[in-house]
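# Structural overview for review
If you want the building blocks of each chain, they are given just below.
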Amino acid sequence: MNRVNLVEELNYKGEALIKDTKDAGKDGLIVLVDNIVKEFTEKRPYLINDTENGKLPEQSLKNEIMNYVDENGIKINEANRNKLIKGVRDYLFGYYILQDLIDDDEISDIRVLSYDNVQVKIRGKRFPSKVKFPSKESFDIFFNYIVIKLEGTLDKKNAIQVLSDSTDKFYL
């Protein structure tokens, strides 16, 4: 199996930082999550690994997220603060914006066809979901992260990926 360096594969293009989450809306919060994940994967991977392995308390990750917000002069209210922390946690340890769909007991299947076309199956019928990635780039970055996380292969021969996470916590 081809192994890929996560930091190299998550080649982010510089995006402007969101300075006020109340003006940026939901997509702005997602871009902020993307920026924080980029920062942590590039400069502080130990934080991710140690939090996931239980070597650091979860509060350390929360503190680092808020330090990033403060250092970059980003204004964020309490409700968005909690959404931001959940978004970063879901990205790093779950399935990012798909996590709420995974947690929904009514949904039996999730199919991501493109960055703006996520379909779910409820009681045997497929429906479009309201979940969308803010951009193709955001989707590509997340897709590469998930392929690496689930030990898939990133190459042109395997352009269509069917990935499974059969841990006790998830079945994707």
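Since the model is a prediction, treat every value here as computed from it, not as a measurement.

Our next topic: the packing of helix 4 (residues 58-71) against helix 5 (residues 78-93). Between helix 4 and helix 5, the least distance of the axes is 10 Å, while the angle of their chain directions is 120°. Relative to helix 5, the element helix 4 is oriented oblique. Where helix 4 crosses over helix 5, the handedness of that crossing is right-handed. Along the contact surface, helix 4 presents Glu58, Leu61, Lys62, Ile65, Met66 and Val69, while helix 5 presents Arg81, Leu84, Ile85, Val88, Arg89, Leu92 and Phe93. Within the contact of helix 4 with helix 5, the residues separate by chemical class into 9 nonpolar, no polar and 4 charged.

On to the nonpolar core. If you look at the biggest cluster of nonpolar residues, it comprises 38 residues, and the most contacted ones within it are Ile65 and Leu84. Broken down by secondary-structure element, the contributors of at least two residues to this core are helix 2 (21-43), helix 3 (45-52), helix 4, helix 5, strand 1 (107-114), strand 2 (117-122) and helix 7 (136-149). No other element matches the 7 residues that helix 2 contributes to this core. With residues near it in sequence (within four places) discarded, Ile65 still touches Ile36, Phe40, Leu84, Ile85 and Val88.

Our next topic: the packing of aromatic side chains. The tally for this structure, following the rule as stated, stands at 7 aromatic pairs. For the ring pair Tyr96 and Phe142, a centre distance of 5.4 Å and an interplane angle of 45° mean the geometry is tilted. Remark: Phe142 occurs in helix 7 and Tyr96 occurs in the loop between helix 5 and helix 6 (99-103); sequence separation between them is 46 residues. The same class applies to Tyr96 as to Phe142, namely buried. The structure contains a cluster of three or more aromatic residues connected by ring pairs, namely Tyr91, Tyr96, Phe133, Phe139, Phe142 and Phe143.

Backbone geometry places Tyr96, a non-glycine residue, at a positive phi of 55°. Non-glycine residue Arg123 carries a positive phi angle of around 50°.

To continue, consider the pairing of strand 1. Across 6 bridges, the pairing between strand 1 and strand 2 is antiparallel. The partner of Ser114 across the bridge, within strand 2, is Asn117. In sequence, strand 1 turns back onto strand 2 through a hairpin of 2 residues.

On average, residues of the protein chain score 78 in pLDDT, and 72% of them are at 70 or above. This model gives residues 1-24 a pLDDT under 50, and the stretch forms 54 contacts once residues within four places in sequence are excluded. With pLDDT under 50 throughout, residues 168-172 is counted as low confidence; its partners more than four residues away or in other chains account for 13 contacts.

This brings us to helix 3. Taken as a whole, helix 3 has its buried residues at Leu47, Ile48 and Thr51. The buried residues of helix 3 occupy one face: seen down the axis, they fall within an arc of 100°.

The 3 strands are arranged 1-2-3 in an open sheet whose pairing can be described as antiparallel. If you trace the sheet from one side to the other, it starts and ends with strand 1 and strand 3 (125-128), each paired once. Strand-to-strand, the axes of this sheet are offset by a mean angle of 25°, without reference to chain direction.

Locating Asp104 in the fold gives a position in the loop between helix 6 and strand 1. Take Asp104: its relative accessible area is 32%, and that puts it in the partly exposed class. Distance from Asp104 to Ile122, taken between C-alpha atoms, is 9.9 Å for residues 18 residues apart in sequence.

Analysis parameters
- Residues numbered from 1 in each chain as written.
- Predicted model: local features only at pLDDT ≥ 70, side-chain atom pairs only at ≥ 80, totals over all residues.
- Heavy atoms only, no water.
- Axes fitted to C-alpha atoms, helices over the stretch in contact; angles between N-to-C directions.
- Helix = DSSP H or I, 4+ residues; strand = E, 2+ residues; numbered from the N terminus.
- Parallel < 35°, antiparallel > 145°, perpendicular 65-115°, else oblique.
- Left-handed = near helix turned anticlockwise from the far one by under 90°.
- Contact = heavy atoms within 4.5 Å.
- Nonpolar A, V, L, I, M, F, W, Y, C, P; charged D, E, K, R; others polar.
- Core = buried A, V, L, I, M, F, W, Y, C linked by side-chain atoms within 4.5 Å.
- Buried < 20%, exposed > 50% of the residue type's maximum accessible area, 1.4 Å probe, protein only.
- Phe/Tyr/Trp six-rings, centres within 6.5 Å; stacked < 30°, edge-to-face > 60°.
- Pairing = 2+ DSSP bridges.
- pLDDT = per-residue confidence, 0-100.
- Arc of directions from axis to C-beta.

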